[in-house]
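# Fold and contact review
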Amino acid sequence: FLDYTLEIKHNSTICFHLISIEIEDKNIFACIETSYDKPYDKFLVFYNINLVENSVNRKIFSQINTSSYQLIPFPDKLFPGGGVIICSLGFLTIAGYRDKITKMNPIPRYKSSLQKEHSFITSYSFYQGKSRVLLIMVTEEGHLFRKIFEIFPKNKDENFYKIEIRYFETLPGIPKSITILQNGYLFVNMETGN
């Protein structure tokens, strides 16, 4: 598979989460990083791997919220140039690879006796259609939320995005992971059964 390895040496760095992003034909990875010197400052960092030149370029995108813990890859089909959704306690942030952080959306709270102060997203799954992308997310308490992204062309260069987050369903147990199958069914892997 790989004939050689590329290493980027950046000492005193802690990586909280790492994902790959589909951006045209580029090899891009995004991660949440911090340094030993300033452990309470988290940064969104992109790595661009160039296999032709045998190089790795590191680009610190921006400082993010200290409660950020997970990245979700944002489809290149929907967001020109690709991007990520940054999961933080109580809200989601959308950041494009070429743009600044664009939108912040609170995660709706489902009021119950077990509800904590903030919702914590544990798993997610995408379903892509022709004009919409559906993102299903699940919290640690089993509450499913759906986020629908619709594309409305504004002109040739820009897209306007209508974003809505809604409560979808509550699962009877603690979910570990979720997957939307190609036929549209939702598969949930739970601690007590599937």
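Up top you'll find the structure we're talking about.
Residues numbered from 1 in each chain as written. Predicted model: local features only at pLDDT ≥ 70, side-chain atom pairs only at ≥ 80, totals over all residues. Heavy atoms only, no water.

## Structural notes on the overall build of the chain
To be explicit about the condition: Only DSSP runs of H or I with at least four residues qualify as helices, and only runs of E with at least two residues qualify as strands; both kinds are numbered from the N terminus onward. The buried label goes to any residue with under 20% of its type's maximum accessible area, the exposed label to any with over 50%, and the partly exposed label to all in between, with areas taken from a 1.4 Å probe on protein chains only. Only the protein chains shown count as cover for residues, and all accessible areas are computed by the Shrake-Rupley method using a 1.4 Å probe.
Broken down by element type, the chain carries 0 helices and 14 strands. Counting helices and strands in the order they occur from the N terminus, the chain gives β-β-β-β-β-β-β-β-β-β-β-β-β-β. Here the chain holds 194 residues, and the buried ones make up 38% of them. When the accessible surface of the chain is summed, it comes to about 12,000 Å², and 51% of that surface belongs to carbon and sulfur atoms.

## Regarding the packing of aromatic side chains
Just so we agree on the cut-off: Working definition: a ring pair exists when centres of Phe, Tyr or Trp rings (six-membered ring for Trp) sit within 6.5 Å. Plane angles under 30 degrees give stacked, over 60 give edge-to-face, the rest tilted.
In total, this model carries 3 aromatic pairs according to the counting rule given. Where Tyr-69 meets Phe-120, the ring centres are 4.3 Å apart and the plane angle is 15°; that geometry is what we call stacked. Here the residue Tyr-69 occupies a position in the loop between strand E4 (55-64) and strand E5 (70-74), and Phe-120 occupies one in the loop between strand E8 (101-106) and strand E9 (121-128), the gap between them amounting to 51 residues. For Tyr-69, a relative accessible area of 16% gives the class buried. Aromatic side chains Tyr-124 and Phe-126 sit 6.2 Å apart centroid to centroid with 75° between the ring planes, which places their arrangement in the edge-to-face category.

## Re the environment of Asn-11
Looking at the element boundaries, Asn-11 is found in the segment before strand E1 (13-23). Take Asn-11: its relative accessible area is 66%, and that puts it in the exposed class. Put simply, Asn-11 and Ser-35 are 24 residues apart on the chain and 8.4 Å apart in space, counted from C-alpha to C-alpha.

## As for a nonpolar patch on the surface
Spelled out, the test is: Exposure above 30% relative accessible area and the lack of any salt bridge qualify a residue for a patch; like charges then connect within 9 Å, and the nonpolar side chains Val, Leu, Ile, Met, Phe, Trp and Tyr within 5 Å. For this document, the term salt bridge refers to a Lys or Arg side-chain nitrogen within 4 Å of an Asp or Glu carboxyl oxygen.
Residues Leu-181, Tyr-185 and Phe-187 make up a contiguous nonpolar surface patch of roughly 320 Å² in combined accessible area. Along the chain, Phe-187 falls in strand E14 (residues 186-190).

## Thoughts on the sheet that holds strand E3 (residues 42-50)
Stated formally: Paired strands, as defined in this entry, are two strands with at least two bridges between them according to DSSP. Only the stretch in contact is used when fitting a helix axis, every axis being a line fitted to C-alpha atoms; angles between N-to-C directions are given from 0 to 180 degrees.
Strand order in the open sheet formed by 4 strands is E1-E2-E3-E4, with antiparallel pairing between adjacent strands. Only two strands of the sheet have a single neighbouring strand rather than two, namely E1 and E4. Neighbour-to-neighbour, the strand axes of the sheet open up by a mean angle of 25°, direction not taken into account. Inspection of the sheet shows strand E2 (residues 26-35) paired to E3 by 7 bridges, in the antiparallel sense. The partner of Ile-28 across the bridge, within E3, is Asn-48.

## Some words on the state of the cysteines
The criterion, for reference: In this description, the term disulfide denotes a pair of cysteine sulfurs within 2.5 Å.
Counted under the stated rule, the structure contains 0 disulfides. As a non-bridged cysteine, Cys-15 has Cys-31 as the owner of its nearest cysteine sulfur, 4.4 Å distant.

## As for the environment of Phe-187
A relative accessible area of 38% means that Phe-187 is categorised as partly exposed. Through-space distance from the C-alpha of Phe-187 to that of Ser-125 is 9.9 Å; in sequence the pair is 62 residues apart.

## As for the pattern of salt bridges
Evaluation of the coordinates by the stated rule reveals 1 salt bridge. Its salt-bridge partner being Arg-58, residue Glu-33 comes within 2.5 Å of it at the nearest N-O pair. With Glu-33 in strand E2 and Arg-58 in strand E4, the pair connects residues that are 25 residues apart, well separated along the chain.

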